[in-house]
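# Coordinate analysis (summary)
Below are the chains, spelled out letter by letter.
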Amino acid sequence: MRKKIVAGNWKMNCDLPQTQSLITDLKTGLVKEFNCELMIAPSFPFLYPAFNSTLETPIEVVAQNCCEADKGAFTGEVSIDMLQSVGVKTVIIGHSERREIYGESDELLNSKTRAALDKGMRVIFCCGEMLEERKAGKHVTTVADQIKNGLNDVSAEQMEHVVIAYEPVWAIGTGETATPEQAQDMHAEIRKQLEELFNNDVANNTSILYGGSVKPGNAQEIFSQPDVDGGLVGGASLDAQSFIEIANAF
Ligand SMILES: O=C[C@H](O)COP(=O)(O)O
């Protein structure tokens, strides 16, 4: 079932006091029902305190990454079981910063995605083209390849637990947003791709979020596009008021 979602990716920004104070501000600001699911993704050490602080609220705490392996000699990694043991049910996989800075390949992201889905997690699978790829007119094929490779061997049934986040890399943290038309065009292409890879139900029922400089001032126009089901928000999610205003854009 296609859901409206606004997810805040806090990236590597808040320490424990800042995490707690941002959650307190969010809880104070959540005075009414929202027409969308709300998620926040703090850093690993703060997932458990965040999970505890958001019990009985509409906020879901999600992870920014996970390891594809079960357990063992993987220094610095965090397993899916570990995430689940602190209440996490959703994980972001394939963010462009993981792809670019940490060199995570389509194959690795596919392993992470399948491992997370096999363990019953929900996955927010990120895709998006670089500026040069858009300028060269290769943005649609780039994103199609990322989806095809990243979701290889994922079943149509498992796709019920997959959310796609389209984030053009040139719009992340730059203040430059894709136009609502650019977002809509790519989201429609992604749905076409999901239909080819899976079926019509998967294409229609998968939530596709837009990410890249979403702010209170542009959220409504972007979210009003027929194939945009919400946002993966970076910078603006670090301010409770902005995040709530974005969530109110539905
Ligand atoms: O995960 C979120 C995206 O990278 C967007 O970040 P941004 O809203 O700061 O551009």
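As recorded by an unreviewed UniProt entry, the protein carries the name Triosephosphate isomerase and is attributed to Nonlabens spongiae. Taken from UniProt, the Catalytic activity (unreviewed entry) comment for the protein reads in full: "D-glyceraldehyde 3-phosphate = dihydroxyacetone phosphate". You can read under Subunit (unreviewed entry) in the UniProt record for the protein the words "Homodimer."

Right, let's talk about the pattern of salt bridges for a bit. Across all of its chains, the model carries 15 salt bridges by this definition. The residue Glu104 makes a salt bridge to Arg98 at a minimum N-O spacing of 3.0 Å. The partner of Glu104 in a salt bridge is Lys112, and the shortest N-O contact between them spans 3.0 Å. The burial state of Glu104 is the same as that of Lys112; both residues are buried. Each of Arg2, Arg191, Asp227 and Asp229 takes part in a single network of salt bridges with overlapping partners.

Two numbers describe how helix α7 (residues 139–150) lies on helix α8 (residues 180–197): the axes approach to 10 Å, and their chain directions differ by 40°. Relative to α8, α7 is oriented oblique. Considering only the axes of α7 and α8, their crossing is right-handed. For the pair α7 and α8, contact is made by His139, Val140, Val143, Ala144, Ile147 and Lys148 and by Met186, Glu189, Ile190, Gln193, Leu194 and Leu197, respectively.

Before going further, it helps to examine the packing of helix α1 (residues 16–29) against helix α11 (residues 240–247). At a minimum axis separation of 9 Å, α1 and α11 run at an interaxial angle of 45°. The orientation of α1 with respect to α11, classified from their angle, is oblique. Where α1 crosses over α11, the handedness of that crossing is right-handed. In contact with Leu22, Asp25, Leu26 and Gly29 of α1, α11 contributes Ala240, Phe243 and Ile244. Of the residues contributing to the contact of α1 with α11, the split by class is five nonpolar, one polar and one charged.

This part takes up the pairing of strand β1 (residues 5–9). Residues in a regular strand project their side chains so that they alternate between the two faces of the sheet. Burial runs high along β1: five of the five residues are buried. Burial along β1 is two-sided: Ile5, Ala7 and Asn9 facing one way and Val6 and Gly8 facing the other are all buried. Sheet topology note: the β1/strand β2 (residues 37–41) ladder contains five bridges and is parallel. Looking across to β2, one finds that Val6 is bridged to Leu38. Note that the unit made of β1, α1 and β2 has a crossover that is right-handed. Bridging between β1 and strand β8 (residues 230–233) involves four bridges; their strand directions are parallel.

Rules behind the numbers
Residues numbered from 1 in each chain as written. Predicted model: local features only at pLDDT ≥ 70, side-chain atom pairs only at ≥ 80, totals over all residues. Heavy atoms only, no water. UniProt positions renumbered as here; feature names shortened; annotations may be inferred. Salt bridge = Lys/Arg side-chain N within 4 Å of Asp/Glu carboxyl O. Buried < 20%, exposed > 50% of the residue type's maximum accessible area, 1.4 Å probe, protein only. Axes fitted to C-alpha atoms, helices over the stretch in contact; angles between N-to-C directions. Helix = DSSP H or I, 4+ residues; strand = E, 2+ residues; numbered from the N terminus. Parallel < 35°, antiparallel > 145°, perpendicular 65-115°, else oblique. Left-handed = near helix turned anticlockwise from the far one by under 90°. Contact = heavy atoms within 4.5 Å. Nonpolar A, V, L, I, M, F, W, Y, C, P; charged D, E, K, R; others polar. Pairing = 2+ DSSP bridges. Right-handed = clockwise from strand over helix to strand, strands pointing away.

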